Amino acid sequence: MTRRGGRRTARGALGGLAVVAGLVLAAVLRAWLPSPPVYDGLVLPQQPYDYVSPPPNLSSSNVQPSSGEATFPVQNGKVAGGGVETDDRQAIAFFGLDAVHVSASAVSVKLRIDPVTNPPPWPAGWQIHGNVYKFSGVEQPSGAPAAVTSFQITLRYPPGPFQSLWFYDGTTWHELSTKKAPNGDPFAGATLTAFGEAGAGAPRGAQGDTIITILARLAETYGLLAFIIVFGVVAVVQEIRRRRKKA
Amino acid sequence: MISVAVQPRAARLTLLVLLTAATRAALVSLGEALSTGVFVACLGAIVLLEARPAVGEKGWSMRWSLVAGGVVGAVLVAPSVGNGLSGRALSDFWVWGSVAAVVAALEEIVIRGWLQPSWSAERGPVAGLMVAAAVFAVIHLPRYGIVALPLDFGVGLAIGGLRLVSGRVLPCAVAHVVADWGAWFLA
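Residues numbered from 1 in each chain as written. Chains lettered and ligands numbered in written order. Predicted model: local features only at pLDDT ≥ 70, side-chain atom pairs only at ≥ 80, totals over all residues. Heavy atoms only, no water.

**Student:** Would you mind showing me how to read the overall build of chain B here?
**Tutor:** Of the regular secondary structure elements, chain B holds 8 helices and 0 strands. In chain B, the order of α-helices and β-strands from amino to carboxyl end is α-α-α-α-α-α-α-α. Restricting to contacts in chain B with at least 6 residues of sequence separation, those with at least 24 account for 78%. With an accessible surface of roughly 8000 Å², chain B has 72% of that area assigned to carbon and sulfur atoms. (Helix = DSSP H or I, 4+ residues; strand = E, 2+ residues; numbered from the N terminus. Contact = heavy atoms within 4.5 Å. Areas by Shrake-Rupley, 256 points an atom, 1.4 Å probe, with all protein chains shown as cover.)

**Student:** Would you take a moment to explain the sheet that holds strand β13 (residues 187-192) of chain A for this structure?
**Tutor:** Residue and element names in this part refer to chain A. Ordered in space as β3-β4-β9-β13-β12, the 5 strands form an open sheet in which the pairing is antiparallel. The outermost strands of the open sheet, each flanked by one partner alone, are β3 (82-85) and β12 (179-180). Here 2 bridges tie β12 to β13, and the two strands are oriented antiparallel to one another. By the bridge assignment for β13, Lys179 is matched with Gly189. (Pairing = 2+ DSSP bridges.)

**Student:** Looking at this structure, I do not really get unusual backbone geometry. What am I missing?
**Tutor:** Negative phi values dominate among residues other than glycine, just as trans dominates among peptide bonds. Residues and elements named next belong to chain A. Cis geometry is adopted by the peptide bond preceding Pro141, which originates at Gln140 and carries an omega value of 5°. As for its position among the elements, Pro141 is in the loop between β7 (126-140) and β8 (147-148). Even without a glycine there, the phi angle at Asn76 is positive, about 55°. Within the element layout of this structure, Asn76 appears in the loop between β1 (68-75) and β2 (78-79). Given a relative accessible area of 82%, Asn76 falls into the exposed group. In this model, Asp98 sits at a positive phi of 70°, which is unusual for a non-glycine residue. Here Asp98 shows up in the loop between β4 (91-95) and β5 (100-101). (Buried < 20%, exposed > 50% of the residue type's maximum accessible area, 1.4 Å probe, protein only.)

**Student:** Explain the interface of chain B and chain A here, please?
**Tutor:** As a measure of interface size, the accessible area lost when the parts come together is often cited. Each side of the interface is counted separately: chain B has 57 residues, and chain A has 42 residues. Of all residues in chain B, Arg88, Val95 and Leu151 of chain B give up the largest surface area on contact with chain A, accounting jointly for 12% of the area buried on that side. Remark: the boundary between chain B and chain A carries 6 residue pairs in polar contact (both at pLDDT 80 or more). At the level of secondary structure, the elements contributing two or more residues to the side of chain B that touches chain A comprise α2 (32-50), α3 (62-77), α4 (90-123), α5 (125-139), α6 (141-144), α7 (149-166) and α8 (170-185) of chain B. (Buried area = accessible area lost by both parts, 1.4 Å probe. Polar contact = N/O pair within 3.5 Å; in protein donor to acceptor, adjacent residues only side chain to side chain.)

**Student:** For this particular structure, what's the right way to read the sheet that holds β1 of chain A?
**Tutor:** Think of a sheet as strands paired side by side through backbone hydrogen bonds, with each pair either parallel or antiparallel. Residue and element names in this part refer to chain A. The sheet built from 7 strands is open, its strands ordered β2-β1-β6-β7-β14-β10-β11 with antiparallel pairing. The open sheet has two edge strands, β2 and β11 (173-175), and neither has a second partner. With 3 bridges joining them, strand β10 (residues 164-168) and β11 adopt antiparallel strand pairing. Bridge pairing links Tyr168 to Trp173 in β11.

**Student:** How should I be thinking about α5 of chain B in this particular structure?
**Tutor:** For the α-helix, the turn length of 3.6 residues means that residues three or four positions removed from each other point alike. Here α5 of chain B spans 21 Å end to end across 15 residues, near enough to the 21 Å set by a 1.5 Å rise per residue. The complete set of buried residues in α5 of chain B reads Gly128, Leu129, Ala132, Ala133, Val135, Phe136, Ala137 and Ile139 of chain B. (Expected span 1.5 Å × (residues − 1).)

**Student:** Mind showing me how you'd approach the nonpolar core here?
**Tutor:** Generally speaking, soluble globular proteins have nonpolar side chains that are buried together. Grouped together as the largest cluster of nonpolar side chains are 48 residues, with contacts concentrated most on Val17, Trp96 and Val155 of chain B. Looking at this core, the element that brings in the most residues is α4 of chain B, giving 11 residues. Tyr133, Ala146, Phe195 and Ala200 of chain A belong to the second-largest nonpolar core, a separate cluster that totals 34 residues. (Core = buried A, V, L, I, M, F, W, Y, C linked by side-chain atoms within 4.5 Å.)

**Student:** What am I meant to see in the confidence of the model for chain B here?
**Tutor:** Parts of the model with low pLDDT should not have their predicted coordinates read in detail. Residue and element names in this part refer to chain B. Per-residue confidence for chain B gives a mean pLDDT of 86; residues scoring 70 or more make up 92%. Note on residues 1-7: pLDDT under 50 across the span, and 6 contacts to partners over four residues away in sequence or across chains. Two summary scores accompany this predicted model of the complex, namely pTM at 0.67 and ipTM at 0.88. (pLDDT = per-residue confidence, 0-100.)

**Student:** For this particular structure, what's the right way to read α8 of chain B?
**Tutor:** Residues and elements named next belong to chain B. In this model, α8 (16 residues) spans 23 Å end to end at C-alpha, consistent with the 22 Å of a helix rising 1.5 Å per residue. Across the 16 residues that make up α8, a large majority, 12, are buried. Within α8 the residues assigned to the buried category are Pro171, Cys172, Ala173, Val174, Ala175, His176, Val177, Ala179, Asp180, Gly182, Ala183 and Trp184.

See below:
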């Protein structure tokens, strides 16, 4: 075997080893991420929002939102912390250690998130934006309701006007101190101090998409594509010129 | 005095790629289109300015390159198949998919096409493979966070290995694009 041939074989062996090692590593580490990764630094558009009551133009394609449930053990009278999320990841709740309080006979507590089919009427001047979710907890095995001191919720909201998250305590709605996710991600978080219902709200009559925002969105999407096409053409022309010059 | 005995091209290319990624990260707050557009423009500029004719490297045929790239891309996507489909509309895919393909191809031309061989020529193939995988992971850090860094490094190793085995960039670009497109369709 020539020296060059041997070097090529060694490179091939190294490359093969790297391919296998990289693929195994990627398969193992993929489990850490909630969704399939993109390797371009691009953001995947959100999946369609699942409405309890979809707007008329989305009723044919709408999928009903899902519930979520998790059971936490009671150890030494304290409930371990953890999270609950709906299957479609539109509502998430995080409970700290000992945030949920149960009676002495409880062995575990079942925490649920359910989309509310008929939410209570919203306060005057406000409108619901997306779904209302009910956060609840019951002791096991008695089935008695559990109490909670505080927990964090994150709700996804659909496109359109959104201002803040609201909480319904059984009698009235309360506006929550709301933290929106960065980079335009349609998620907002807040802290609840009791089980109950929560949803996203917007001032009644708030503007959704205007012709300007629609045009801006189109420019953002197709402008980038146009830019890339123009640049691609320039690159191809440059390459052709370079090859002609070389010939 | 500390002297870094690295030849200029590999280091310069690495710096350019990292600066490009940093510029993109700095512009994210101004919008996805602008930051990605500038990123594409900078990678394109690197492609134009750093172009060198390939010398003495025999690569796989076009057919084998496409097959190998498709297989590696499919294996990268495979762990997500069990989660079902995402529900994203096919009609929205074409624009996103085109942009993803162009960005992926440019990244592969610059990183696997030039950066990896440059480091390989100067420091050996292991160094080339490792530096290229590290750069690939780091440039995506601002967007996906530290949690995705090891995964991106692993994917960089796999695609870099494909470059070494095949002697071409085409299978790397195909694998990269297939993996990206899979993310659109899978939940």
